[in-house]
Amino acid sequence: MATIKFVDDDLTVNAAVGQNLRDIAQNEGSTIPFGCELGVCGTCLSRVQAPEGAISSMEEQEKETLEALGAEVDCRLVCQCRVEKDDDITITSAH
Ligand code: FES
């Protein structure tokens with residue numbers, strides 16, 4: 001199991017490889033806001049700290065949106081991230 005820590009919500013949960021961080025956030029009661037859920041609107045922009053390979057790499061749409069937002073390098077769109085291996089993942093608001 002991976003361990004996901006939602007810092008702003010003071011919430012730590014376990015998650016299985018393959019789960020989407022959006023689903024975990026929504027199911028576990030995190031306050032991370034979501035809009036399009038397609039990697040376009042940037043509503044779910046967050047700082048995501050995770051060891052190399054612990055979450056899915058960026059696809060083109062997410063890269064484009066992060067660039068357009070001028071997001072910092074540790075930021076990801078939570079709706080586009082999947083757990084890739086059992087490790088510790090920390091998510092903090094970027095807004
Ligand atoms: S909810 Fe729109 S980019 Fe994640």
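Throughout what follows, the structure given in this document is the object of discussion. Worth saying up front: this structure is predicted, and the values here are computed from it rather than measured.

**Quick word on the overall build of the protein**
- On a plain count of helices and strands, the protein comes out with 2 helices and 5 strands.
- When the helices and strands of the protein are listed from N to C terminus, the series reads β-β-α-β-α-β-β.
- Scaling as 2.2 N^0.38, a compact globule of 95 residues should have a C-alpha radius of gyration of about 12 Å, and the protein matches this with 12 Å.
- In terms of overall dimensions, the protein has C-alpha extents of about 35 × 25 × 20 Å along its principal axes.
- Evaluated residue by residue, the protein yields a buried proportion of 37% over its 95 residues.
- Considering only contacts within the protein whose residues lie at least 6 apart along the sequence, 64% involve residues at least 24 apart.
- Carbon and sulfur atoms make up 43% of the accessible area of the protein, which amounts to about 5200 Å² in all.
- Positive and negative side-chain charges of the protein, numbering 7 and 18 respectively, have mean locations separated by a distance of 2 Å.

What counts and how
Residues numbered from 1 in each chain as written. Predicted model: local features only at pLDDT ≥ 70, side-chain atom pairs only at ≥ 80, totals over all residues. Heavy atoms only, no water. Helix = DSSP H or I, 4+ residues; strand = E, 2+ residues; numbered from the N terminus. Rg over C-alpha atoms; globule rule 2.2 N^0.38 Å. Buried < 20%, exposed > 50% of the residue type's maximum accessible area, 1.4 Å probe, protein only. Contact = heavy atoms within 4.5 Å. Areas by Shrake-Rupley, 256 points an atom, 1.4 Å probe, with all protein chains shown as cover. Lys, Arg positive; Asp, Glu negative; His and termini not counted. Charge placed at Lys NZ, Arg CZ, Asp CG, Glu CD.

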